Amino acid sequence: AQSVTQPDIHITVSEGASLELRCNYSYGATPYLFWYVQSPGQGLQLLLKYFSGDTLVQGIKGFEAEFKRSQSSFNLRKPSVHWSDAAEYFCAVGAPPGNTGKLIFGQGTTLQVKP
Amino acid sequence: GAGVSQSPRYKVAKRGQDVALRCDPISGHVSLFWYQQALGQGPEFLTYFQNEAQLDKSGLPSDRFFAERPEGSVSTLKIQRTQQEDSAVYLCASSPLTGGDPLYGYTFGSGTRLTVV
């Protein structure tokens, strides 16, 4: 069965420090992988996505993620965190086209940024 | 409109009441999804529409949950005889492509927070 695990429920980093949020997935084939961000009271905003090709993908707001098939991981990174990055981050896996397109989300990681 | 609009933003229901949650997707978007997000959890898939056809309702937790999209645009999620475990944020998302192709990603609404007391 498809599943997504985000091992870190809560992470605190200092402003300006680097960030890595972990995501591991379980899927029978090459999945479509996503990172979404959710600010309080807001909907989910897509940060980046991976389908194929270059395993390092760039997203909005200076985020990037690396797909590692051997580790079934898709970790999110940012070189220097800004206070406005404080939010909840969700990793998700989706099936290829032709399916219903539903996404399976991880539990989320709450990012707190210290001044 | 420019985004996915959901109403109401907040809904408090007494246990046993019926509720209806509305989703206005982006104009022209073919695919529409409903997700349920319990407190402290990631969103969980409820159902998927392609135009007016409900192609996947495998995530609906019980027969108290019913969704419709009669004209292929606005969708309503109805919950009958609400129970406390139905308390959650209900998110709607839409996509311009069929088959749920996530190539362009989905646009999510801000959700409806349902509290059952």
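Draft legend 1. Geometry of the sheet that holds strand β8 (residues 75–79) of chain B. All names here are of chain B. If you walk across this open sheet you meet the 4 strands as β1-β3-β8-β7, and the pairing is antiparallel. Each edge of the open sheet carries a strand with a single partner, namely β1 (5–7) and β7 (65–68). Each adjacent strand pair in this sheet contributes to an overall mean axis angle of 15°, direction not counted. Both β7 and β8 contribute to a ladder of 4 bridges, which runs antiparallel. Bridge assignment links Phe65 to a residue of β8, and that residue is Ile79.

Draft legend 2. Structural detail: the environment of Ala95 of chain A. With respect to the element layout, Ala95 of chain A can be found in the loop between β10 (87–94) and β11 (103–105). Sequence separation between Ala95 of chain A and Thr109 of chain A is 14 residues; the distance between their C-alpha atoms is 22 Å.

Draft legend 3. Summary view of the nonpolar core. Counting residues in hydrophobic clusters, the biggest one holds 26 residues, and the most contacted among them are Leu19, Trp35, Leu47, Leu48, Phe74, Leu76 and Tyr89 of chain A. Where this core is concerned, the elements lending two or more residues are β2 (10–14), β3 (19–21), β5 (32–38), β6 (44–50), β8 (64–68), β9 (73–78), β10 and β12 (109–114) of chain A. Here the element with the most residues in this core is β10 of chain A; it accounts for 4 residues. Membership of the second largest hydrophobic core comes to 20 residues, among which are Ala13, Leu32, Phe65 and Ile79 of chain B.

Draft legend 4. The arrangement of the pattern of salt bridges in detail. All names here are of chain A. On inspection of all chains with the given rule, the structure shows 7 salt bridges over all chains. Salt-bridge contacts for Glu64 lead to Arg77; the nearest nitrogen and oxygen are separated by 3.3 Å. Here Glu64 is found in strand β8, whereas its partner Arg77 is found in strand β9, with 13 residues between them in sequence. Here Lys78 ties to Asp85 by a salt bridge, and the two come within 2.8 Å at their closest N and O atoms. Overall, the relative accessible area of 4% leaves Asp85 in the buried class. Through salt bridges with shared partners, one network takes in Glu64, Glu66 and Arg77.

Draft legend 5. Just the pairing of β9 of chain A, in detail. Residue and element names in this part refer to chain A. Most of β9 sits inside the fold, with 5 of its 6 residues counted as buried. For β3 and β9, the ladder comprises 3 bridges, and the chain directions are antiparallel. Residue Glu20 lies in a different strand from β9, and its bridge partner there is Arg77. Judged from the 5 bridges that link them, β8 and β9 form a sheet pairing that is antiparallel.

Draft legend 6. Molecular detail of the state of the cysteines. In this structure the tally under the stated criterion is 2 disulfides over all chains. A sulfur-sulfur distance of 2.0 Å marks the disulfide that ties Cys23 of chain A to Cys91 of chain A. Judged by the sign of its S-S torsion, about -65°, the bond between Cys23 of chain A and Cys91 of chain A is left-handed. One end of the pair, Cys23 of chain A, is in the loop between β3 and β4 (24–26); the other, Cys91 of chain A, is in strand β10, with 68 residues separating them in the sequence. Looking at Cys91 of chain A, the relative accessible area reads 0%, which means it is buried. The residue that forms a disulfide with Cys23 of chain B is Cys92 of chain B, at a sulfur-sulfur distance of 1.9 Å. Between Cys23 of chain B and Cys92 of chain B the sulfur-sulfur dihedral comes to about -65°; the bridge is accordingly left-handed. Of this pair, Cys23 of chain B sits in strand β3 (residues 19–24) while Cys92 of chain B sits in strand β9 (residues 88–95), placing them 69 residues apart in sequence. Residue Cys23 of chain B is classed as buried on the basis of its relative accessible area, which comes to 0%.

Draft legend 7. The arrangement of the interface of chain B and chain A in detail. In this assembly, 25 residues from chain B lie in contact with 23 residues from chain A. Applying the counting rule to chain B against chain A returns 0 salt bridges. If you look at where chain B meets chain A, you find 4 residue pairs in polar contact (both at pLDDT 80 or more). Mapped by element, the contributors of at least two residues to the side of chain B that touches chain A are β4 (31–37), β5 (44–50) and β6 (53–56) of chain B. When its residues are assigned to classes, the side of chain B that touches chain A shows 12 nonpolar, 10 polar and 3 charged.

Draft legend 8. Structural context of the packing of aromatic side chains. Counted under the stated rule, the structure contains 18 aromatic pairs over all chains. With a centroid separation of 5.7 Å and 90° between ring planes, the pair formed by Phe105 of chain A and Tyr35 of chain B is classed as edge-to-face. With Phe105 of chain A in strand β11 and Tyr35 of chain B in strand β4, this residue pair bridges two chains. Residue Phe105 of chain A is classed as buried on the basis of its relative accessible area of 9%. Relative to Phe45 of chain B, the ring of Tyr35 of chain B has its centre 5.9 Å away and its plane inclined at 75°; by these criteria the two rings are edge-to-face. With Tyr35 of chain B in strand β4 and Phe45 of chain B in strand β5, this residue pair connects regions lying 10 residues apart in the sequence. Residue class for Tyr35 of chain B comes out buried when judged on its relative accessible area of 0%. Taken together, the ring pairs in this structure connect Tyr32, Phe34, Tyr36, Phe51, Phe90 and Phe105 of chain A together with Phe33, Tyr35, Phe45, Tyr48, Tyr106 and Phe108 of chain B into an aromatic cluster.

Reading the values: the criteria
Residues numbered from 1 in each chain as written. Chains lettered and ligands numbered in written order. Predicted model: local features only at pLDDT ≥ 70, side-chain atom pairs only at ≥ 80, totals over all residues. Heavy atoms only, no water. Pairing = 2+ DSSP bridges. Helix = DSSP H or I, 4+ residues; strand = E, 2+ residues; numbered from the N terminus. Axes fitted to C-alpha atoms, helices over the stretch in contact; angles between N-to-C directions. Core = buried A, V, L, I, M, F, W, Y, C linked by side-chain atoms within 4.5 Å. Buried < 20%, exposed > 50% of the residue type's maximum accessible area, 1.4 Å probe, protein only. Salt bridge = Lys/Arg side-chain N within 4 Å of Asp/Glu carboxyl O. Disulfide = S-S within 2.5 Å. Contact = heavy atoms within 4.5 Å. Polar contact = N/O pair within 3.5 Å; in protein donor to acceptor, adjacent residues only side chain to side chain. Nonpolar A, V, L, I, M, F, W, Y, C, P; charged D, E, K, R; others polar. Phe/Tyr/Trp six-rings, centres within 6.5 Å; stacked < 30°, edge-to-face > 60°.

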